[in-house]
Amino acid sequence: MTRTRLRLAALTATALAATLALAACSAAAPASTPTPTPTASASTASGELTVFAAASLSKAFDQITAEFEAENPKVHVTPITYDGSSTLATQIIEGAPVDVFASADQKNMDKVAQAGLAGPAPVFTTNVLQIAVAPGNPRKVKDLTSLADPGLKVVLCAPAVPCGNAAKTLLDAAGATVTPVSEEQNVSAVLAKVKAGEADAGLVYTTDVKAAGPAVTGVAIAGAEKAVNKYPITVLKASKNPEAAAAFQAFVLSDKGRRILTGLGFGGE
């Protein structure tokens, strides 16, 4: 055998040995596995949460609170204060300790923002007005002009309240001059008077009529979309529990929150 052939044989043997060694190492090493994708951690929010919300949100926010607490068991939402947005805004500006504020209009949210108290306040839902009358509509109320009948007892929200401002817009557009027997500080009070028979008709939100069930009959208002109420929600800058407040705001804005709201007759943002 020539020297050249001997050298080739030696190189071949060396390469074969190296290949076998690499194969042995591969067999001994365990198969690599993909790095697991991090999953979203559960909310770390805890403690008490104070919420102020427009009266028209009472049923929706009661349901939202129940689901929110189920997902955030360490957070306790104290009984929500429901009232007219103007009343709530005034209380916040005067120093009421609040974590979250949900208004039935932008005007009252702006008051809180101008006082330097509100954080970002995205709109999360909308609402329009309807005429609430006694079951079966015994007074035959047909539209807004019907409310101008001096023999009809009509109750409205006060002008400073979102439902009152919207009512004025629609009544003015319809050319209807109405003298209410009372002006209430929130829409729930208007509905209560109609349900109790203390008023023949009242302007409330479509969601209030739906929630009242057979206790009242609703009369749709042509052109109600001319006075759409937009609902913003904010975490107050002075919140004592900003983490839980932000989690609550996020829940209201989430698909779950929207599902509850639309199921009760609220509109999209």
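A brief report on the enclosed structure follows. Just so it is clear, the structure is predicted and the values come from calculations on it, not from any experiment.

### Topic: the packing of helix H2 (residues 58–71) against helix H9 (residues 255–263)
Geometrically, a packed helix pair is captured by the angle between its two axes and the distance between the axes. For the pair H2 and H9, interaxial distance at closest approach is 9 Å and the crossing angle is 150°. One element, H2, and the other, H9, form an angle in the roughly antiparallel class. Read as a crossing pair, H2 and H9 show a hand that is right-handed. Residues Ala60, Gln63, Ile64, Glu67 and Glu71 of H2 lie in contact with H9, whose contacting residues are Lys256, Gly257, Arg259, Ile260 and Leu261.

### What about the packing of aromatic side chains?
For the structure shown, the criterion picks out seven aromatic pairs. On the numbers, 6.0 Å between centres and 75° between planes, the contact of Phe68 with Phe251 is edge-to-face. Taken together, the residues span a long stretch of sequence, with Phe68 in helix H2 and Phe251 in helix H8 (residues 242–253) at a distance of 183 residues. Of the two residues, Phe68 and Phe251, both sit in the buried class. Aromatic side chains Phe124 and Tyr231 sit 6.1 Å apart centroid to centroid with 70° between the ring planes, which places their arrangement in the edge-to-face category. Within this pair, whereas Phe124 is found in strand S6 (residues 123–127), its partner Tyr231 is found in strand S12 (residues 229–235), the two being separated by 107 residues in sequence. On the accessibility criterion, Phe124 (2% relative accessible area) is buried. With relative accessibility at 0%, the residue Tyr231 sits in the buried group. A network of ring pairs unites the aromatic residues Phe61, Phe68, Phe124, Tyr205, Tyr231, Phe248, Phe251 and Phe266 as a single cluster.

### As for the sheet that holds strand S10 (residues 201–205)
Pairing is mixed across the open sheet formed by five strands, whose spatial order is S9-S8-S10-S7-S11. Strand pairing shows two members of the sheet lacking a second neighbour, strand S9 (182–184) and strand S11 (217–219), which therefore form its edges. On average, each strand axis in the sheet is inclined to that of its neighbour by 35°, with strand direction left out of account. Strand direction decides the pairing type here: strand S8 (residues 154–157) and S10, joined by two bridges, are parallel. Within S10, the residue paired with Val154 across the bridge is Ala201. Sitting on the sheet, helix H6 (residues 187–195) touches strand S7 (129–133), S8, S9 and S10, and the angle it makes with S10 is about 140°.

### Details of the state of the cysteines
Counted under the stated rule, the structure contains one disulfide. Residue pairing for Cys157: its cysteine sulfur links by disulfide to Cys163, the two sulfurs lying 1.7 Å apart. Taking the torsion about the sulfur-sulfur bond, which here is approximately -95°, the covalent link between Cys157 and Cys163 counts as left-handed. A single burial state applies to Cys157 and to Cys163, both of which are buried.

### Examining the pattern of salt bridges
Applying the stated criterion across every chain, the model contains five salt bridges. A salt bridge links Glu67 to Arg259; the shortest N-O distance between them is 3.1 Å. One end of the pair, Glu67, is in helix H2; the other, Arg259, is in helix H9, with 192 residues separating them in the sequence. Given the relative accessible area of 27%, Glu67 is considered partly exposed. Looking at Arg259, the relative accessible area reads 46%, which means it is partly exposed. For Lys193, the salt bridge is made with Glu184, and the minimal N-O distance between the two is 3.3 Å.

### Examining empty space enclosed by the protein
It is the rolling of a water-molecule-sized probe over the atoms that shows where space remains empty. The full count for this structure, using the stated rule, is one cavity of 30 Å³ or more. In this model, the largest cavity occupies a volume close to 60 Å³. Around the largest cavity, the lining is made up of 13 residues, and of these Ala54, Ala55, Gly84, Ala104 and Val161 lie nearest the centre. The class makeup of the residues in the lining of the largest cavity is eight nonpolar, four polar and one charged.

Conventions used here
- Residues numbered from 1 in each chain as written.
- Predicted model: local features only at pLDDT ≥ 70, side-chain atom pairs only at ≥ 80, totals over all residues.
- Heavy atoms only, no water.
- Axes fitted to C-alpha atoms, helices over the stretch in contact; angles between N-to-C directions.
- Helix = DSSP H or I, 4+ residues; strand = E, 2+ residues; numbered from the N terminus.
- Parallel < 35°, antiparallel > 145°, perpendicular 65-115°, else oblique.
- Left-handed = near helix turned anticlockwise from the far one by under 90°.
- Contact = heavy atoms within 4.5 Å.
- Phe/Tyr/Trp six-rings, centres within 6.5 Å; stacked < 30°, edge-to-face > 60°.
- Buried < 20%, exposed > 50% of the residue type's maximum accessible area, 1.4 Å probe, protein only.
- Pairing = 2+ DSSP bridges.
- Disulfide = S-S within 2.5 Å.
- Salt bridge = Lys/Arg side-chain N within 4 Å of Asp/Glu carboxyl O.
- 1 Å grid on protein atoms, 1.4 Å probe; cavity = no way out; pocket = protein on both sides within 12 Å on 5 of 7 lines; lining within 4 Å.
- Points joined across faces, edges and corners; volume = space filled by probe spheres on them.
- Nonpolar A, V, L, I, M, F, W, Y, C, P; charged D, E, K, R; others polar.

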